[in-house]
Amino acid sequence: MRRVPWLDVDRARLSRRTFLRGAGVAVALPFLEAMWPRAAQAQAAASAKRFLAWYVPNGIHMADWTPAAIGANYTLPAILAPLAAVRDDVLVLTGLQNAAARVVTMGGAHARGTGTFLTARPVNPSGGTELENGISIDQRIAQVIGAATSLPSMQLGTEGGSSTGSCDSTSCAYSRNISWAGPQSPLAKETNPVSAFQRLFQGAGSLLPPAELERRRLLRLSILDTVTDDANRLVLELGSSDRQKVDEYLTGVRALELRIQDISTSQCEASEPGAPADFVAQLRAMVDLMVVAFQCDRTRVISFMALNAGSNRTYPWLGILDGHHQISHHEDNTANFAMLRTIDTWEVEQFAYLLQRLAAIQEPGGSLLDSSLVYFSSEIEDGNGHRHTNLPILLAGRGGGAVQSGRHLRFTGLPPVANLFLTVLRAFGINDATFGQHGTAPLTL
Amino acid sequence: MLSLSRVVVALALVAIAAACGDSYEVTEPTSDASSATASTGAMRADASTRAPTSPIAAKTEAEAESALAQPSSAETQIASAPQPLAAPETAAAAPIAPIADTTIHHAARPAVVGSPTFTRTVGAATIRFWSIFEGRTGRERFEYHFHVTVQNGGGGLLRGAVMVTSSAAASHVAISCAPFGSTPPGLTRDADAPFVIAQDRATPFDASKLAFSIDATPDPALCQDPGRVTLRRLNRTEYDNTVRDLLGTSEHPALDFPADDFGYGFDTIGSVLAFSPLLFEKAEAAAQSLVEAALRVYPPASAQRQQAETATHECGGASGNYWNLWSECGLSVQVTVAAPASYTIRVRAYQTAAGPDPARMQIRAGALAVGAEIDVPAVSAAPGIYSATTFLDVGTHTLHVEFTNDYYVAPADRNLYIDYVELYGPLDAVPPPPQIAALRALCNPAVDGTRPCLRERLQSFVRRAWRRPPTTAEIDTLVTLAEATAAGGVDFEASLGSAMTAALTSPHFLFRVERDTHARSAEVHALSNHELAARLSYFLWSSTPDATLDALADAGTLDVPATLAAQVHRMVLDPKARAFVDSFAGQWLGTRSLDDVNPDSVDFPAWDDDLKQAMRDETHLVFQEFLQTQADFLGFFDARFTYLNNRLATHYGLPTPGSTTPVRVTLAQGGQRAGIFTHGSVLTVNSQPRRTSPVKRGKWALDEILCIEIQPPPPGVEGMLDTPGATGTLRERLAAHRAKPECAACHDYLDPIGLGLENYDAIGAYRTQDAGQPIDASGAFPDGRSFDGAAEMAALVKADPSTPHCVAERLLTYALGRGLDAGDATHLDAITAAFQANGRSLEDLITAIVQSEPFRMRRGEPGQ
């Protein structure tokens, strides 16, 4: 049984303690289905495509990442070895650059690489005090396919962010968010798997009688109407930057309104995660959550920050007691290389677990992985040089047949990653002519 | 003396930026590291040939090649006929080249370097423009930052302000106005506000488009720019504190909100605090939950008893008034709970004994076991009542009783007989918080009427929730909502609750709304008293105004300077000021980051949560003492007192005070500890997991104490120090690092402060050796001021004139919730002067900020 988050988040927290022992037991949950016509729903189930972006910090030790051979018959280097079971479902792409991060506008290489990670647009180009970025690829995709699901997209991570200071000499917004709805709208991420689960399956498992649930549902809609009127009146009195903030608020109101209006139900097997004991468990719970979100068709677009930009986390369970960021300034030292290889391999292991789980879930047209495109990369290539060229990139899944997988492709002339994003957009039927600052032509894969 | 000035550092950065090609549209080195290194060296040499006496000279390679560049002009004297005072001056001026864009300074203090960029004569006065290094640029926009001096060449006293306006508004905007005070003949005065001229990057700056005037009797309004704070939402801390004060809750719902993003070092910055859909969902949920909990009425404890015969059975059969569970299975009953609380589940039962053990049963609520299995030794002659207690939420629950150890070896047959299952509770009813009791005391719907009572309670609640009196129309809307809810069949309290929930979901609650006097006009205006009360309250309490502030705001008397000063005094002494310590000091000094650091447990076995908390307490209590006494705040840097508990005293190698809670202790003259630089908190959060980081420690002090901003290293030149197997002390490794010119430019500033703190290890314990070598804690600033050890270093920082100015800058940024810009320089100088005028107490500084124009006023914003 689960608590419904909107009824009482505090009691929900209290209940979680009580229910901890029961956590992990799979239960069939009725949940609210997205609001779209039944015919479209049936069609969507057959042709649904998913996008997931996975971010890791501090770059990758490329010597142990880059396959020597090009094409299908390459040997997996040490860091990519965990992908063995799914290598036919993965493209290894080398030689691409994040051109937008190389335009030095503000902040350090981590902040720029992260701010531009999915937007491919230089951040804060005018150097003003307002945030400045562009729409991220996941949000562009969500604009088109997001209406089909209860949550148009979901942003997940493992850390909210350090508690003080600036992040790489600029606003922390660029280091903690990779999904941007618009130039000034970073989309905050959920870092608690229990809260994220409850949000994903809101309304499910309530202890309240149906009539009371329905009364509350209608009340919530009335309240949203009231505050929408408040906001609309307020907007009339505000200047443009203040209005931008209220517009963000109204976007949130409308998104929630759509979710509450939806009264259709369906069944899906989902088990609520327990409160994770440590980072490893937290990350694993987040991966499980992503899988269930796709499997239950709660959302089709997810971005995930395995950690925030420039993370200085230690990895004691891997025997690494120095901070990752610190080690990533490796000074070409072999001992540092060994530690980076260990961390990077662990990161790929986590990613491989996601791919294996997606590959194991069959839908009518193939596996969940077949219907998805899953992008993996980092904010920089190499931690010592802080380069944004030759990024470590994996593109997993087939996007419903749009991508021929299982190869290593090496690009010359440093094409911008924005061109790869155009290719990804094509897989979702989005024929934008450009993306970001430098994306002008889809990359042929 | 003050070589630690922003300008000098900026120049150094020009050199390094040019050296590394780190500038506009110059991209980073590619993967080919060798070519990057080569070009770095070559460009460094190139840059060094241009002595950066003027920032203008410090163009980058990209700009030199760019078609945008104009001939560099270190000094462009403009010959111009004497003009009558206050008349615009429009003589032709040569365009000057764009300035290299590298650093971003916030409210950098104007300073004069090299030769003036150009000079104008207005009447008897000569105005000199000095470009200071402030190019904050991007693709579309470009800014020149000028500082102006006015020389009085006339016969009488010149007093007034210099104003610059543009005759080419399309390309030149943001021209400002600066007072220069009283200037006797022959003397030169600073017009102490930088002039920021922003324009399209593609257009060379053309001074001929500027018009100059000197206003001998300036209208203060002409020079007034209090700045503008972007509409601020409550951050997580503020949300939790606000609902605590409004509803009396002890919950922290915002813990589940997404993390707040930071800008300018703080989580109070309006422009950076985005309002994501996720946040709205959380806030909507929190509002319902909070109001439901606040208004909840706990029924008196009572019993719901259900006979076993009428339960749902998995096995067994009726046996008189009992149900006989004759194999391992159970029965279940449904109960409904109206209030979330602990309840006791009682089961009356007996067994028929057989085998070695008594019968056992397990009670469950839903799928969860309530307590352990229970032995049922009672027999039919004297059935027992067995119970277990658990927390149950509102709603319908299924209670199971299960027989778990069936025994049958004929004829011996152990069975469990159940009489009834009873739920008793709630056991722990929570009384309504005082805020809700006060709301209920306002009126009685049965006596005063439903609608009048709804109005009265909502008027009172919304007044506090929205930090201003609501309009009649706003209350009408909420009353309508409540009455519609009541029509759905809920009681008065629940209908009131729906309107209260709406009030807490409204933008008027979630944002701190400040209205412009004329919508979408840039007019400068004073805040309303209610808006001012909110600014004051969120500044010092991170929460909503209390009854006293509300009353002053309602009376319209809060904005009297003496009243503001009295309120500041009252507020810093209030326990709620702890929020200011946690939020401002926690971010300024980094104590909040104690939760983020991971000192290595092998190297630092002493590190644990108790030590972490003791460190946090120490810094916060010392800061709080400075906040609540009138002590000279610069004493913070060498204070010979602190707050220690036994744990931290042991860690520091000091005598234990005999207390597990922190107590104030006096530190010995010439001892190992004095002032903030020797606090374990600051030392730990600015270290690496396994070693100290003089660079992080130095960067923190430069950023936060001296306001010298060091930009991140250009691409390709970062890294160092942690090469495994590297020999030598950290000091030696840093020295080798600084031997590289591209590193020295910044690290000559970054390293000395940290090196002075090398006697303190990565968790702040005192040490005399590093890598087997004695610690050398001496150092020198680039201007030659040298020191040996933390105390001497701290004394230099304390004496540096940048320090009080910087403290004021950080505090003003926090208080306003926006980054400072050139327009704030005058205000900041005035605040700093007021801070230093008397005893230099933190309260004086806070008062000066609260009384300043940027705090009390705002500029409007033209709409579109």
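Residues numbered from 1 in each chain as written. Chains lettered and ligands numbered in written order. Predicted model: local features only at pLDDT ≥ 70, side-chain atom pairs only at ≥ 80, totals over all residues. Heavy atoms only, no water.

1. Quick notes on the overall build of chain B
Scanning chain B from N- to C-terminus turns up 26 helices and 33 strands. Going through the 864 residues of chain B one by one, you find that 58% of them count as buried. For chain B, the proportion of contacts with a sequence separation of at least 24, taken over those separated by at least 6, is 71%. Looking at chain B as shown, the accessible area adds up to about 30700 Å², and 54% of this sits on carbon and sulfur atoms. (Helix = DSSP H or I, 4+ residues; strand = E, 2+ residues; numbered from the N terminus. Buried < 20%, exposed > 50% of the residue type's maximum accessible area, 1.4 Å probe, protein only. Contact = heavy atoms within 4.5 Å. Areas by Shrake-Rupley, 256 points an atom, 1.4 Å probe, with all protein chains shown as cover.)

2. Looking at the environment of R407(A)
Residue and element names in this part refer to chain A. The topology assignment puts R407 in strand β13 (residues 407–410). Separated by 317 residues in sequence, R407 and V90 place their C-alpha atoms 6.9 Å apart. Apart from residues no more than four positions distant in its own chain, R407 is found in contact with G71, A72, Y74, V90, L91, V92 and L445.

3. Observations concerning the sheet that holds strand β12 (residues 393–396) of chain A
Residue and element names in this part refer to chain A. Ordered by their spatial adjacency, seven strands build an open sheet running β4-β8-β2-β11-β12-β3-β13, and the pairing between neighbours is mixed. With one partner strand each, in any of the chains shown, β4 (154–157) and β13 form the two edges of the open sheet. Averaged over neighbouring strand pairs, the angle between their axes works out to 15° when direction is ignored. The strands that helix α11 (residues 334–360) touches are β2 (50–56), β3 (90–94), β11 (372–378) and β12; relative to β11, the one it contacts most, it runs at about 175°. Taken strand by strand, helix α12 (residues 417–427) contacts β2, β3, β11 and β12, and its axis lies near 165° from that of β11. (Pairing = 2+ DSSP bridges. Axes fitted to C-alpha atoms, helices over the stretch in contact; angles between N-to-C directions.)

4. Overview of helix α8 (residues 450–465) of chain B
Given a rise of 1.5 Å per residue, 16 residues ought to cover 22 Å, and the 22 Å separating the end C-alpha atoms of α8(B) matches this to within 8%. What α8(B) keeps buried is the set C453(B), L454(B), R457(B), L458(B), F461(B), V462(B), R463(B) and A465(B). (Expected span 1.5 Å × (residues − 1).)

5. Considering the nonpolar core
Nonpolar side chains in soluble globular proteins generally cluster together in the buried interior. Residues and elements named next belong to chain B. F539, F623 and I846 are the most contacted members of the largest nonpolar core, which has 79 residues in total. Of the residues forming this core, the biggest block, seven residues, is contributed by helix α23 (residues 802–816). Setting aside residues up to four positions removed in sequence, I846 forms contacts with F539, L540, V568, V572, F580, L627 and L811. Counting residues in each nonpolar core, the second largest holds 61 residues, with L231, A287, M500 and A534 among its members. (Core = buried A, V, L, I, M, F, W, Y, C linked by side-chain atoms within 4.5 Å.)

6. Regarding unusual backbone geometry
Cis geometry marks the peptide bond from A410(B) to P411(B), where omega comes out at 5°. Note on placement: P411(B) falls in the loop between β23 (407–409) and β24 (412–425). Cis geometry is adopted by the peptide bond preceding P426(B), which originates at G425(B) and carries an omega value of 0°. Locating P426(B) in the fold gives a position in the loop between β24 and α6 (434–441). The backbone of N58(A) shows a phi angle near 70°, a positive value even though the residue is not glycine. Checked against the element boundaries, N58(A) lands in the loop between β2 and β3. You can call N58(A) buried: its relative accessible area is 2%. Positive phi values are uncommon outside glycine, yet S542(B) reaches one of about 50°. Residue placement: S542(B) occurs in the loop between α12 (529–541) and α13 (547–555).

7. Here's the deal with the pairing of strand β27 (residues 641–644) of chain B
Within a regular strand, side chains alternate between the sheet's two faces. All names here are of chain B. Side-chain alternation along β27 places F641 and Y643 on one buried face and T642 and L644 on a second face that is also buried. Across four bridges, the pairing between β27 and strand β28 (residues 663–666) is antiparallel. Along β28, the bridge assignment pairs L644 with V663.

8. Overview of the packing of aromatic side chains
Under the definition given, this model contains 50 aromatic pairs over all chains. Between F539(B) and F580(B) the ring centres are 5.7 Å apart and the planes differ by 85°, which places this aromatic pair in the edge-to-face class. Here the residue F539(B) occupies a position in helix α12, and F580(B) occupies one in helix α15 (residues 578–588), the gap between them amounting to 41 residues. Neither F539(B) nor F580(B) differs from the other in exposure class; each is buried. The aromatic ring of F279(A) is capped on one face by R313(A), whose charged end is 3.9 Å from the ring centroid. (Phe/Tyr/Trp six-rings, centres within 6.5 Å; stacked < 30°, edge-to-face > 60°. Lys NZ or Arg CZ within 6 Å of the ring centre and 35° of its normal.)

9. Quick word on the confidence of the model for chain B
All names here are of chain B. Looking at chain B as a whole, the pLDDT averages 80, with 76% of positions reaching at least 70. This model gives residues 1–113 a pLDDT under 50, and the stretch forms 268 contacts once residues within four places in sequence are excluded. Every residue in residues 133–142 scores below 50 in pLDDT, and together they form 52 contacts with partners more than four places removed in sequence or on other chains. For this predicted complex, the interface confidence reaches an ipTM of 0.83, while the overall pTM sits at 0.80. (pLDDT = per-residue confidence, 0-100.)

10. A word on the state of the cysteines
All names here are of chain B. Counting across every chain of the model gives three disulfides over all chains. Paired by a disulfide, C315 and C329 hold their sulfur atoms 1.4 Å apart. Placement of C315 in the loop between β13 (312–313) and β14 (317–319) and of C329 in the loop between β15 (322–325) and β16 (330–337) is noted, with a sequence separation of 14 residues between them. Judged by relative accessible area, C315 falls into the buried class, the value being 15%. Note on cysteine connectivity: C443 is disulfide-linked to C453, with sulfurs 2.0 Å apart. In this structure, the disulfide formed by C443 and C453 twists by about 85° around the S-S bond and is classed as right-handed. Note that C443 is positioned in the loop between α6 and α7 (445–448) and C453 in helix α8, a separation of 10 residues in sequence. By the burial criterion, C443 is buried, and C453 matches it. (Disulfide = S-S within 2.5 Å.)

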